[in-house]
Amino acid sequence: MDPIRVVVADDQELVRAGFGMILDAQPDIEVVAEAADGAEAVEAVRVHRPDVLLLDVRMPVMDGLEAARRVCADHPGTKVIMLTTFDIDDYVFDALYAGASGFLLKDVRRDDLVHGVRMVASGEALLAPSVTRRLIAEFAARRPAGGALPGPGQAVRAPSRLLEQLTAREQETLRLLARGLSNAEIAAELVVSEHTVKTHVSNVLAKLHLRDRVHAVVFAYEAGAVVAGEG
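The text that follows walks through the structure, step by step, so that each part is easy to find. (Residues numbered from 1 in each chain as written. Predicted model: local features only at pLDDT ≥ 70, side-chain atom pairs only at ≥ 80, totals over all residues. Heavy atoms only, no water.)

A few points about the overall build of the protein chain
Next up, step 1: The number of helices and strands found in the protein chain is 11 helices and five strands.
Next up, step 2: Here the protein chain holds 231 residues, and the buried ones make up 51% of them.
Next up, step 3: Carbon and sulfur atoms make up 51% of the accessible area of the protein chain, which totals about 10,700 Å². (Helix = DSSP H or I, 4+ residues; strand = E, 2+ residues; numbered from the N terminus. Buried < 20%, exposed > 50% of the residue type's maximum accessible area, 1.4 Å probe, protein only. Areas by Shrake-Rupley, 256 points an atom, 1.4 Å probe, with all protein chains shown as cover.)

Topic: the nonpolar core
Next up, step 1: By size, the foremost hydrophobic cluster in this structure holds 28 residues, and its most contacted members are Ala9, Leu53, Leu55, Val80 and Met82.
Next up, step 2: Listed by contribution, the elements that provide at least two residues to this core are β1 (4-9), β2 (29-35), α2 (38-48), β3 (52-56), α3 (64-74), β4 (79-84), α4 (90-98) and α11 (213-223).
Next up, step 3: Residue contributions to this core peak at five residues, all from α3. (Core = buried A, V, L, I, M, F, W, Y, C linked by side-chain atoms within 4.5 Å.)

Describing the packing of helix α8 (residues 168-178) against α11
Next up, step 1: It is at 8 Å that the axes of α8 and α11 come closest, and there the two elements cross at 105 degrees. If you check the angle between α8 and α11, you find them roughly perpendicular. In this structure, α8 contributes Leu174, Leu177 and Ala178 to the contact, and α11 contributes Arg213, Ala216, Val217, Phe219, Ala220 and Tyr221.
Next up, step 2: Looking at the contact of α8 with α11 residue by residue, the classes come out as eight nonpolar, no polar and one charged. (Axes fitted to C-alpha atoms, helices over the stretch in contact; angles between N-to-C directions. Parallel < 35°, antiparallel > 145°, perpendicular 65-115°, else oblique. Contact = heavy atoms within 4.5 Å. Nonpolar A, V, L, I, M, F, W, Y, C, P; charged D, E, K, R; others polar.)

Some details on the pattern of salt bridges
Next up, step 1: In total, this model carries 10 salt bridges according to the counting rule given.
Next up, step 2: Asp10 is paired through a salt bridge with Lys106; the nearest N and O atoms lie 3.0 Å apart. Of this pair, Asp10 sits in the loop between β1 and α1 (13-24) while Lys106 sits in the loop between β5 (102-105) and α5 (110-122), placing them 96 residues apart in sequence.
Next up, step 3: The salt bridge partner of Arg16 is Glu34, with a shortest N-O separation of 3.6 Å. Here the residue Arg16 occupies a position in helix α1, and Glu34 occupies one in strand β2, the gap between them amounting to 18 residues.
Next up, step 4: Here Arg16 falls in the buried class, since its relative accessible area comes to 13%.
Next up, step 5: Each of Asp10, Asp56 and Lys106 takes part in salt bridges that share partners, so that together they form one network. (Salt bridge = Lys/Arg side-chain N within 4 Å of Asp/Glu carboxyl O.)

Here we look at the sheet that holds β1
Next up, step 1: Reading across from one edge, β2-β1-β3-β4-β5 is the order of the five strands in this open sheet, with parallel pairing throughout. Each having just a single partner strand, β2 and β5 make up the two edges of the open sheet. Looking at each pair of strands side by side, their axes are set apart by 25 degrees on average, direction ignored.
Next up, step 2: Along the sheet face, α2 touches β1, β2 and β3 and points at about 135 degrees away from the line of β2. (Pairing = 2+ DSSP bridges.)

Set out below in structure tokens:
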């Protein structure tokens, strides 16, 4: 299989180099470029079309949030992982709306960094181990008026109405996603195969016009399919 192609963007050279060395040492990951600011990150993605962009929130020239917006809008094949200093950070809530697919703390352990990149690249990722569903619950409570995250070209519609498009089994899959369960755990819960779960997840994302699993979790809270502290 082709390696996971990664761009690392951080204004601190030691952070970039350290993350790059850790990731490049993996047989299934290739760091194709580094960037020292948001503008460089956007250009690196345009040139290299990586699978994953590790993107610091606070950077000069163009901050990570604006860079995430541009990358997610122009390069939907690139998954964005935001690097943040705090596990609950207002920038992280904004990053969800920008299209970020995952979050890691800058003091992340080596194994969690590698695992996070692999999971986001595969579509399985939700949040970094230290960034729990508490963040999603707070995000849902802070969401701007208008409801759910719209997909490209999609008008904002009430999330509860969108939820009606899902079958009963797809709604149950969405609730289990919001509890942070993996495909294997959802399969065990529903007593079906992982392949069936993947089909349900794909249908949920397609019907709701959502970018990935993390946005499905946000939608679940917005639509009232789950509530904070449930699960």
